[in-house]
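Listed below, chain by chain, are the residues.
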Amino acid sequence: MGPSVDGAVGLAKVETELAYPSLAREGFVASRGCGMVPVDADTIAAIATALGEAGVGIVRVSGDHSWSVAQRLFETASGRPLRNRRRGLHYGRVVDPDSAMELDECVLLWMPGPHSYTGEDVVEFQVHGGIQLVQSVLRAALRAGARLAEPGEFTKRAFLNGRMDLSQAEAVIDLIRAKTDLASRSALRQVQGALSREVARLRKELLRLQAHVEVTIDYPEHDVESVAATAVVETGGRVIRALDDMLNQARFGQVLREGVRTAIVGRPNVGKSSLLNALLQRDRAIVTEIAGTTRDVLEEVVNVGGVPFRLADTAGVRETADVVEQMGVERTRQTVRDAQFVLVVLSAVDELAAEDWELLAQTTNTPRVLVVNKADLVDEARHQAWRARWPEETVVCTSMQTGEGLPDLREAMVAAVNRGHVEMEDLSYLGNARQLTLLQRAREELQLGVEAADSGATLDIVAVQLQEAYRALGLVIGEEAGEDLLDEIFSNFCLGK
Ligand SMILES: Nc1nc2c(ncn2[C@@H]2O[C@H](COP(=O)(O)OP(=O)(O)OP(=O)(O)O)[C@@H](O)[C@H]2O)c(=O)[nH]1
Ligand SMILES: [Mg+2]
């Protein structure tokens, strides 16, 4: 199973404890106000690259004292200390600030604020990517006056310093975690402000509307009031439609982030595991001619046309005396209940059995594709007959032996998931649960406001609802965001970002 959003959150926390075991022993703990030696609480440092063996490893420092950290740690190639404070790149070596011992060769990037990622003075030490080496450079930076950054603290500072709004900051983590090309493209558009701009546009419309309503409240004449009410109905309706569009995108964005929970179900031996392997393009599941091969649910994430599918291969459904197989079948039923999407696999050779009918009945309300497998064993006339059998459904004839029908199946999967959502090329952001709730709230308030205006309620009531809608949209981009919310969001980040 790939990391779920929650799993990844857990990982970020574990990382803090595991990635720097020796630092933790020395008392440098990445947590506000405890354990650390806060020589200067305002300058933070962390390893920005993944901890492992690599060509390059980067230690990043941000804050008022970055320059002094750079001066204490870095010697230019000519052996002289760093003097040039202009933005730029320097080659030299990084030394231990206490012993003056050379740690490594180093490329130093100096990015004075406010034109840096965080908006503060930022310095990056690029050294060889060895686990010990990068850690010792970090340790040196900590001794030179920085403190260990919390997960997400660089991005949090970028937000606090106005370099990006909250929705952009949240998209940074989506960009890092994106599992498909489409997901990363969408996240990038959000980092670049696609969602922020749309939210800002809608807020402006609401503000103008609010002003109109407020002015009317102060001069209550019937004609004027009815003009304002009409404006609320019209503009409000337009904003509601725009919000619906965003909500659709946000829901699809969640699918892109977490993967479509997909169950592969069918009778024993119809080729479910073969299908999983074919979509994964590797031999993940055991395939045999013995009915009842798969006992447990097997999960794998596969990228189909840019959409991640979380495929669950299941035990074939049948009555059985075998206790283990019975448990497997029970798990299959549970998986079907939880699935967002189902591939019902049938055998092209056999007539439909009672179990097939049962599965078809169980999955009628879930988006699905009917996969008629083993098509290589029957002729074209049979294919046609299978397809004609369910004119309302997507039926694909496949063969795992020849690969026939697989491209059609991939296409059908993407189309089925995308139906009722959005054109994927239009996807300009990946909404998360927080944004989704706020957009929903804004929509509800606005709907109430429009209904009130439409039914001739007094404009005072309408004004309150417009204000609530405006406020909810503001929270999407982080206006009035409290410290708790910020901690919650940024603690999900990895270290060094
Ligand atoms: N001719 C032909 N044989 C296939 C095809 N797909 C699968 N098979 C064979 O059918 C048998 C069963 O395949 P599996 O993928 O294990 O079937 P399953 O649905 O996972 O079966 P259980 O795990 O027992 O429920 C194997 O011998 C496969 O090689 C196909 O398209 N054509
Ligand atoms: Mg199987």
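For the structure given in this document, a descriptive report is provided here.

Protein-derived ligands of the magnesium ion (ligand 2) are Ser 273 (OG) and Thr 294 (OG1), with the metal-ligand distances lying across 2.0 to 2.1 Å. A residue pair is termed long-range when its members are at least 10 positions apart, and Ser 273 in helix 10 (residues 272-280) and Thr 294 in the loop between helix 10 and strand 9 (298-304) qualify at 21 residues. There is no split in this pair, since Ser 273 and Thr 294 are both buried.

Strand 10 (residues 307-313) sits mainly inside the fold: 7 of its 7 residues count as buried. Neither face of strand 10 is open: one carries Val 307, Phe 309, Leu 311 and Asp 313, the other Pro 308, Arg 310 and Ala 312, and all of them are buried. Strand direction decides the pairing type here: strand 8 (residues 260-266) and strand 10, joined by 5 bridges, are parallel. By the bridge assignment for strand 10, Arg 261 is matched with Arg 310. Sheet topology places strand 9 next to strand 10; 7 bridges connect them, and they run antiparallel. Counted as the bridge partner of Leu 298 is Asp 313 from strand 10. The loop that links strand 9 with its antiparallel partner strand 10 comprises 2 residues; one of these, Gly 305, has a positive phi angle of about 55 degrees.

Looking now at the site of ligand 1. Close to ligand 1 lie 23 residues; Lys 272, Ser 274, Gly 292, Thr 293 and Met 400 are nearest. Taking Gly 271, its main chain carries an N or O atom lying 2.9 Å from an oxygen atom of ligand 1. Between an oxygen atom of ligand 1 and a side-chain N or O atom of Thr 294, the distance comes to 2.8 Å. Contact with the protein chains removes 90% of the 650 Å² of surface that ligand 1 exposes when unbound.

What follows is about the pattern of salt bridges. Scanning all chains against the criterion turns up 27 salt bridges. One salt bridge in this structure joins Lys 156 and Asp 487, with 2.9 Å as the shortest N-O distance. Taken together, the residues Lys 156 in helix 5 (residues 153-160) and Asp 487 in helix 17 (residues 483-490) connect sequence positions 331 residues apart. Of the residues examined, Lys 156 reaches a relative accessible area of 9% and is grouped as buried. We classify Asp 487 as partly exposed; its relative accessible area is 28%. In this structure, the salt-bridge partner of Glu 351 is Arg 389, at a minimum N-O distance of 3.7 Å. With Glu 351 in the loop between strand 11 (341-347) and helix 12 (354-362) and Arg 389 in helix 13 (residues 380-389), this residue pair connects regions lying 38 residues apart in the sequence. For Glu 351, a relative accessible area of 53% gives the class exposed.

Attention now moves to the nonpolar core. One finds Leu 243, Leu 446 and Leu 473 to be the most contacted residues of the largest nonpolar core, which totals 35 residues. Going through the elements one at a time, helix 8 (194-218), helix 9 (222-258), helix 15 (433-454) and helix 16 (459-476) are the ones with two or more residues in this core. Excluding anything up to four places from it in sequence, Leu 243 contacts Leu 202, Leu 439, Ala 442, Arg 443, Leu 446 and Leu 473. One finds Leu 275, Ala 278, Leu 280 and Met 413 within the second-largest nonpolar core, a separate group that totals 33 residues.

Our focus in this paragraph is the sheet that holds strand 8. Overall, mixed pairing links the 6 strands, which are arranged 9-10-8-11-12-13 in an open sheet. The strands lining the two open edges of the sheet, one partner per strand, are strand 9 and strand 13 (395-397). Averaged over all pairs of adjacent strands, the angle between strand axes in this sheet comes to 25 degrees, irrespective of strand direction. Alignment of strand 8 against strand 11, held across 5 bridges, turns out to be parallel. What sits directly across from Ala 263, in strand 11, is Val 342. Sheet strands touched by helix 13: strand 11, strand 12 (368-373) and strand 13. Its angle to strand 13, the strand with the most contacts, is close to 165 degrees.

Before going further, it helps to spend a moment on the packing of aromatic side chains. The geometry of an aromatic ring pair is captured by two quantities: the separation of the ring centres and the angle between the planes. Per the stated rule, a full pass over the model turns up 4 aromatic pairs. Taking the centre distance of 4.8 Å and the plane angle of 55 degrees together, the rings of Trp 67 and Trp 110 count as tilted. Of this pair, Trp 67 sits in helix 3 (residues 66-73) while Trp 110 sits in strand 5 (residues 102-111), and the two are 43 residues apart along the sequence. By the burial criterion, Trp 67 is buried, and Trp 110 matches it. Relative to Phe 341, the ring of Phe 309 lies with its centre 5.8 Å away and its plane at 55 degrees, an arrangement referred to as tilted. Linking Phe 309 in strand 10 with Phe 341 in strand 11, this pair joins segments that are 32 residues apart in sequence. A residue is classified by how much of its surface remains accessible, and Phe 309, at 0% relative accessible area, is buried. Since its relative accessible area comes to 1%, Phe 341 is described here as buried.

About the cut-offs
Residues numbered from 1 in each chain as written. Chains lettered and ligands numbered in written order. Predicted model: local features only at pLDDT ≥ 70, side-chain atom pairs only at ≥ 80, totals over all residues. Heavy atoms only, no water. Donors = N, O, S within 2.8 Å, 3.2 Å for Na, K, Ca; no water. Helix = DSSP H or I, 4+ residues; strand = E, 2+ residues; numbered from the N terminus. Buried < 20%, exposed > 50% of the residue type's maximum accessible area, 1.4 Å probe, protein only. Pairing = 2+ DSSP bridges. Near = heavy atom within 4 Å. Polar contact = N/O pair within 3.5 Å; in protein donor to acceptor, adjacent residues only side chain to side chain. Areas by Shrake-Rupley, 256 points an atom, 1.4 Å probe, with all protein chains shown as cover. Salt bridge = Lys/Arg side-chain N within 4 Å of Asp/Glu carboxyl O. Core = buried A, V, L, I, M, F, W, Y, C linked by side-chain atoms within 4.5 Å. Contact = heavy atoms within 4.5 Å. Axes fitted to C-alpha atoms, helices over the stretch in contact; angles between N-to-C directions. Phe/Tyr/Trp six-rings, centres within 6.5 Å; stacked < 30°, edge-to-face > 60°.

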